[in-house]
Amino acid sequence: MTVSTTPSEADWEHAPSLVDGAMNLELTADSCDLRYWLRSVPQGTLRGHTLGHADDVRPLPVMSEPGPLNSALSQELAFRSIAEEKATRAIASMVALAPDNASLEFYSTQLLDEARHAMVFRRHLLSLGVAEADLWTAIDRLAAADSERVLVPLEEFGLRALRDRRDFIGGVVILTVLVEGVLAPSAELSERKWRMFDPAAADIERGAGIDEIRHLTVGSSIAREHLLRHPEDKPRILELIQEGYGLWEKLPSQDLVMRREELFQQGLERHGDLVGDYEVWPGRRLIDTTAEERAGTAHEWADKMQRARLAYMGLEEAL
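This is a predicted model, so every value here is computed, not measured.

### Thoughts on the layout of surface pockets
Rolled over the atoms, a probe as big as a water molecule pinpoints where empty space is left.
So, point 1. If you add up the space inside the largest pocket, you get close to 1200 Å³.
So, point 2. Lining the largest pocket are 50 residues, and of these Val179, Val182, Leu183, Ala184 and Trp248 lie nearest its centre.
So, point 3. Of all the secondary-structure elements, those providing two or more residues to the lining of the largest pocket are α3 (68–97), α5 (135–164), α6 (168–193), α7 (199–229), α8 (234–250), α9 (253–270) and α10 (291–313).
So, point 4. Here the lining of the largest pocket gets 14 residues from one element, more than from any other, and that element is α6.
So, point 5. Across the lining of the largest pocket, the residue classes tally to 29 nonpolar, eight polar and 13 charged.

In structure tokens:
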């Protein structure tokens, strides 16, 4: 009998939820090097899940029918695919600026993770009825406007640090605190809420979430170690975080989230018989939730996770 060598945090069956893992695990660039990734991801998390889910896991037929559920998930996948593509390109700059081999290897693996996420989010649109020949046109139609309003300003903010100032640790903080740290809880909610309607999409989110635990915890560790060695950088990093939070307040991200949740709510009310007594979180049936409650819960998760990560990095003052 072969004994699995996949670490528990990368194991499909045993990894914690994204929010729990990001709050409670401690991983470093030294421990999550290229050897770790080769053992844990292609041979662990992704074994049998090349496209993010097993071949026999499919959406329910209702998901490919025109309607609010199809619209909500299609918009989400298109937006996420663009976001992950932009993350991939930004991380290429972080690889180039990496000050040591441990950081270079880790961000090289994260670059591939993010490129894979973009691919699996994009390709799942085919399962929802998008023709392959029309895939890129559909992504543009579904998410280009939201990307321009939300993702492009974030991308430009990150590039000012990475491209213009060649600030590696600033890029680490922007990615860990202001991008992944803000968006991760929404991904956790997506995995939970789509589980009964589209188990393939939920599994795609599950796999991406396992990767994001590693990204968030290692990024936090890199920032923490840097600030312990260079406490003189702390005021600059705090100022960068405050600038980033100020940018988020100006972006119409909550409008985007609520638009999708309202579509999901319409679909939930129309097809509630398909979810039964499924609990989206302990003690709360999905059928009983509202758009406002789901969005508010994801926001609470984000706040709780951010507080834990910033405290770990020694940046509590940012909140």
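### Side note on α9
In an α-helix, one turn spans 3.6 residues, which is why side chains three or four residues apart end up on the same side.
So, point 1. Over its 18 residues, α9 extends 26 Å from the first C-alpha to the last, a length consistent with the 26 Å expected when each residue adds 1.5 Å.
So, point 2. Those residues of α9 that sit buried are Ser253, Leu256, Met258, Arg260, Glu261, Leu263, Phe264, Gln265, Gly267 and Leu268.

### Let's talk about a negative patch on the surface
So, point 1. Together, Glu26, Asp30, Asp100 and Glu225 make up a region of like negative charge exposed at the surface.
So, point 2. Mapping Glu225 onto the fold places it in helix α7.
So, point 3. When its relative accessible area of 32% is taken as the criterion, Glu225 is described as partly exposed.

### Focus: the packing of helix α4 (residues 101–127) against α5
Geometrically, a packed helix pair is captured by the angle between its two axes and the distance between the axes.
So, point 1. Two elements in contact, α4 and α5, have axes separated by 11 Å at closest approach and are oriented at 100°. The pairing of α4 with α5 is recorded here as roughly perpendicular in orientation. Residues Arg122, Leu125 and Leu126 of α4 pack against Leu135, Trp136, Ile139 and Leu142 of α5.
So, point 2. Residue composition of the contact of α4 with α5, by class: six nonpolar, no polar and one charged.

### Some details on empty space enclosed by the protein
So, point 1. Across all of its chains, the model carries two cavities of 30 Å³ or more by this definition.
So, point 2. There is about 50 Å³ of room inside the largest cavity.
So, point 3. Lining the largest cavity we find Thr176, Val177, Gly181, Leu216, Met305, Gln306, Arg309, Leu310 and Met313.
So, point 4. Mapped onto the lining of the largest cavity, the elements with two or more residues apiece are α6 and α10.
So, point 5. Broken down by element, the residue count for the lining of the largest cavity peaks at five residues, all from α10.
So, point 6. Here the residues of the lining of the largest cavity sort into five nonpolar, three polar and one charged.
So, point 7. Reported here for the second largest cavity is a volume of approximately 40 Å³.
So, point 8. Around the second largest cavity sit Pro16, Ser17, Leu18, Glu191, Arg206, Gly209, Ile210 and Ile213, which together line it.
So, point 9. In terms of residue count, α7 provides more of the lining of the second largest cavity than any other element does, four residues in total.
So, point 10. Split by residue class, the lining of the second largest cavity holds four nonpolar, two polar and two charged.

The rules behind the values
- Residues numbered from 1 in each chain as written.
- Predicted model: local features only at pLDDT ≥ 70, side-chain atom pairs only at ≥ 80, totals over all residues.
- Heavy atoms only, no water.
- 1 Å grid on protein atoms, 1.4 Å probe; cavity = no way out; pocket = protein on both sides within 12 Å on 5 of 7 lines; lining within 4 Å.
- Points joined across faces, edges and corners; volume = space filled by probe spheres on them.
- Helix = DSSP H or I, 4+ residues; strand = E, 2+ residues; numbered from the N terminus.
- Nonpolar A, V, L, I, M, F, W, Y, C, P; charged D, E, K, R; others polar.
- Expected span 1.5 Å × (residues − 1).
- Buried < 20%, exposed > 50% of the residue type's maximum accessible area, 1.4 Å probe, protein only.
- Patch = residues over 30% accessible without salt bridge, like charges linked within 9 Å, V, L, I, M, F, W, Y side chains within 5 Å.
- Areas by Shrake-Rupley, 256 points an atom, 1.4 Å probe, with all protein chains shown as cover.
- Salt bridge = Lys/Arg side-chain N within 4 Å of Asp/Glu carboxyl O.
- Lys, Arg positive; Asp, Glu negative; His and termini not counted.
- Charge placed at Lys NZ, Arg CZ, Asp CG, Glu CD.
- Axes fitted to C-alpha atoms, helices over the stretch in contact; angles between N-to-C directions.
- Parallel < 35°, antiparallel > 145°, perpendicular 65-115°, else oblique.
- Contact = heavy atoms within 4.5 Å.

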